[in-house]
Amino acid sequence: MPEKETLERAQEDAREGKAPSTQAGEFVREEIHHVREGKHGVKNAKQAIAIGLSKARKAGVKLPPAPERTASAEKDGSSRRSRKSAPSRKSSAKRSQATVRALKKEGRAGASRKSLSRHAKAVARSRSKSSRSQSARKAARTRRSSRRAAA
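Presented here is an overview of the structure given in this document. Values in this document were obtained by computation on a predicted structure and should not be read as measured data.

Definitions and limits used
Residues numbered from 1 in each chain as written. Predicted model: local features only at pLDDT ≥ 70, side-chain atom pairs only at ≥ 80, totals over all residues. Heavy atoms only, no water. Helix = DSSP H or I, 4+ residues; strand = E, 2+ residues; numbered from the N terminus. Buried < 20%, exposed > 50% of the residue type's maximum accessible area, 1.4 Å probe, protein only. Contact = heavy atoms within 4.5 Å. Areas by Shrake-Rupley, 256 points an atom, 1.4 Å probe, with all protein chains shown as cover. Expected span 1.5 Å × (residues − 1). Arc of directions from axis to C-beta.

### Let's talk about the overall build of the chain
A tally of helices and strands in the chain yields eight helices and zero strands. Each helix (α) and strand (β) of the chain, taken in turn from the N terminus, gives the series α-α-α-α-α-α-α-α. Taken across its 151 residues, the chain has 19% of its residues classed as buried. The long-range share in the chain, meaning contacts at least 24 apart out of those at least 6 apart in sequence, stands at 54%. For the chain, the exposed area adds up to about 11700 Å²; of that, 53% sits on carbon and sulfur atoms.

### What to know about helix H2 (residues 20-36)
Between its first and last C-alpha, H2 extends 25 Å over 17 residues, near the 24 Å set by a 1.5 Å rise per residue. Every buried residue of H2 is listed here: Gln23, Ala24, Glu26, Phe27, Val28, Glu30, Glu31, Ile32, His34 and Val35. Where H2 is buried, its residues meet helix H1 (4-15), helix H3 (45-58) and helix H6 (113-126). Following H2 by one or two positions, Gly38 adopts a phi angle in the positive range, close to 90°.

### Concerning the environment of Ala109
Residue placement: Ala109 occurs in the loop between helix H5 (93-105) and H6. For Ala109, a relative accessible area of 58% translates into the label exposed. Along the backbone, Ala109 and Lys43 are 66 residues apart, and their C-alpha atoms lie at a distance of 7.9 Å.

### Examining the environment of Pro2
Its place among the elements puts Pro2 in the segment before H1. Between the alpha carbons of Pro2 and Glu26 there is a distance of 9.9 Å; along the sequence they are 24 residues apart. For Pro2, the contacting residues outside a window of four places in its chain are Leu7, Phe27 and Glu30.

### As for H1
Taking 1.5 Å of rise per residue, twelve residues should cover 16 Å, and H1 covers 16 Å from first to last C-alpha, within 8% of that figure. Restricting attention to buried positions, one finds in H1 the residues Thr6, Ala10 and Asp13. Down the axis of H1, the smallest arc covering the buried residues is 55°, so these residues share one side. Those residues of H1 that are exposed and angled more than 90 degrees off the buried face are Lys4 and Arg15. Each element contacted by the buried residues of H1 is listed here: H2. The positive-phi residue at the C-terminal boundary of H1 is Gly17, with phi of around 80°.

Printed below as a string of structure tokens:
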């Protein structure tokens, strides 16, 4: 369950009309704090982000659904029903406890500045030049004019 402050910050972002990804960022931020303070660990930065996004979806942030499993994962596991046809059930207590136990055994380095920076750069590399340029222009628009002049 996300902390009360996180929910409030995400709701404030929603009221201000900010993008769902911005709202979800609050949950990701909380998750990274949890790893850093030793609540649990993660394998890598991507896992910390995935946990945060999952919490955001459960809290009602209008994010697209998590990507479906890869073909190789489908082969060795049982096939899942589509999200729309699957009835919502109470999550298994055993599975939840097992997940927490597994996360506690993981390391803390996945939420380090270095790890998060490495992940951000890797994701940026996979995007096109025009896509990166467009988001940089959008970021410049959202900065205050006084800070823009200083830059």
